[in-house]
Amino acid sequence: MVTGILFETDCKNKLIVANRENVLKLLGYTDIVDEHVKELVIDLIQLSKANINPWGGFVLKQINKVVVPEGKIYIDDLFFEVNKTIAAQLRKAEYLAFFICTIGNSIERTSKEYLSKGDLLEGYIFDLIGSESAENLAEVVHQEVMEYAQSGGLQISNRYSPGYCNWDVSEQFKLFSLFPSEQIKIKLTDSALMNPIKSVSGIIGIGRDLKFKPYSCKLCSDEKCIYRNKK
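Structure report, in brief. The shown structure was predicted, so the numbers you read here are calculated from the model rather than taken from an experiment.

So, the packing of helix α2 (residues 35-48) against helix α5 (residues 120-151)
Line of reasoning, step 1. Remark: α2 packs on α5, axes separated minimally by 10 Å, with the N-to-C direction vectors making an angle of 55°. In terms of axis orientation, α2 runs oblique to α5. α2 and α5 meet at a crossing whose hand is right-handed. Across the interface between the two elements, V37, L40, V41, L44, I45, L47 and S48 of α2 pack against L121, E122, I125, F126 and I129 of α5.
Line of reasoning, step 2. The residue makeup of the contact of α2 with α5, split by class, is 10 nonpolar, 1 polar and 1 charged.

Given below as structure tokens:
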């Protein structure tokens, strides 16, 4: 197994660009879509392509032990308090892939420019496009991890991020400590928020007997998640 990799992803990668239908669903549209909004989404997605500057990476670490009742995973001289829900999903993992990725801060700046000019709908849609694109980039990283795992005859889990399933966001500091600070393009604020904002971090389990399990919103307490019950 490789111990880690940092990489940049082609910004023209179609897998990263937000999907029109997903953005419309996030706006609350299902069957009948306002034509003006539909055209606006199409135009803003096209504009977003020049505002996406994707970067990401992951580091692989061998797991010492997973203690499900305590919700803890031990790695080297660190332990991550991921909560019982996540620990249970990763109890058969042998390695963890710690990942970070970002689409940069250009979309965030452009969204704020729209809002400052009073173009509230454009600003809101562009922000949603940024969030969708960041999640798509996380999926690209997930696929990279899967390829590395499968090359060694191993399976992977779903990905889990600090802030979800009651995993305290302050654990970001431990996660980021595993990466060379001089190389990464994401910084943490004192409150453990990522900058650029359109960034994703988390863990992916790897192991021989591990099974990929889809997300279940019933397991998550984040009622404000914009993706809740939508994917």
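That was the structure; now back to the text.
Side note on the packing of aromatic side chains
Line of reasoning, step 1. For the structure on display, the rule yields 4 aromatic pairs.
Line of reasoning, step 2. Pairing Y74 with F79 gives two aromatic rings, centres 5.6 Å apart and planes at 40°, and the pair type is tilted.
Line of reasoning, step 3. Residues Y114 and F126 carry aromatic rings whose centres are separated by 6.0 Å and whose planes lie at 70° to one another, so their mutual orientation is edge-to-face. Residue Y114 is located in helix α4 (residues 106-116), and its partner F126 is located in helix α5; the two are separated by 12 residues in the primary sequence.
Line of reasoning, step 4. Since its relative accessible area comes to 16%, Y114 is described here as buried.
Line of reasoning, step 5. Here the guanidinium or amino end of K174 rests over the ring plane of F79, the centre of that ring lying 4.4 Å away.

Focus: the nonpolar core
Line of reasoning, step 1. Ranked by size, the top nonpolar core spans 34 residues in total, and within it I129 and I206 carry the most contacts.
Line of reasoning, step 2. Listing elements by their share of this core, those giving two or more residues are α1 (20-26), α2, β2 (55-67), β5 (95-102), α4, α5 and β9 (199-207).
Line of reasoning, step 3. With 10 residues, the top contributor of residues to this core is α5.
Line of reasoning, step 4. Those residues in contact with I129, other than ones at most four positions away along the chain, are A18, V23, V41, L44, I45 and S48.
Line of reasoning, step 5. Judged by nonpolar contacts, the second largest core, of 26 residues, contains I73, I75, V82 and C165.

Here we look at the pairing of strand β3 (residues 72-75)
Line of reasoning, step 1. In this structure, β2 lies alongside β3, joined through 4 bridges in antiparallel fashion. From the neighbouring strand, K65 faces β3, where its bridge partner is Y74.
Line of reasoning, step 2. In this antiparallel pair of consecutive strands, β2 and β3, the connection spans 4 residues, and G71 shows a positive phi of 65°.
Line of reasoning, step 3. Where β3 folds back onto strand β4 (residues 78-81) in an antiparallel hairpin, the turn is made up of 2 residues, including D76, whose phi is positive at roughly 50°.

Cut-offs and rules
Residues numbered from 1 in each chain as written. Predicted model: local features only at pLDDT ≥ 70, side-chain atom pairs only at ≥ 80, totals over all residues. Heavy atoms only, no water. Axes fitted to C-alpha atoms, helices over the stretch in contact; angles between N-to-C directions. Helix = DSSP H or I, 4+ residues; strand = E, 2+ residues; numbered from the N terminus. Parallel < 35°, antiparallel > 145°, perpendicular 65-115°, else oblique. Left-handed = near helix turned anticlockwise from the far one by under 90°. Contact = heavy atoms within 4.5 Å. Nonpolar A, V, L, I, M, F, W, Y, C, P; charged D, E, K, R; others polar. Phe/Tyr/Trp six-rings, centres within 6.5 Å; stacked < 30°, edge-to-face > 60°. Buried < 20%, exposed > 50% of the residue type's maximum accessible area, 1.4 Å probe, protein only. Lys NZ or Arg CZ within 6 Å of the ring centre and 35° of its normal. Core = buried A, V, L, I, M, F, W, Y, C linked by side-chain atoms within 4.5 Å. Pairing = 2+ DSSP bridges.

Nothing here speaks to function; it is all geometry.
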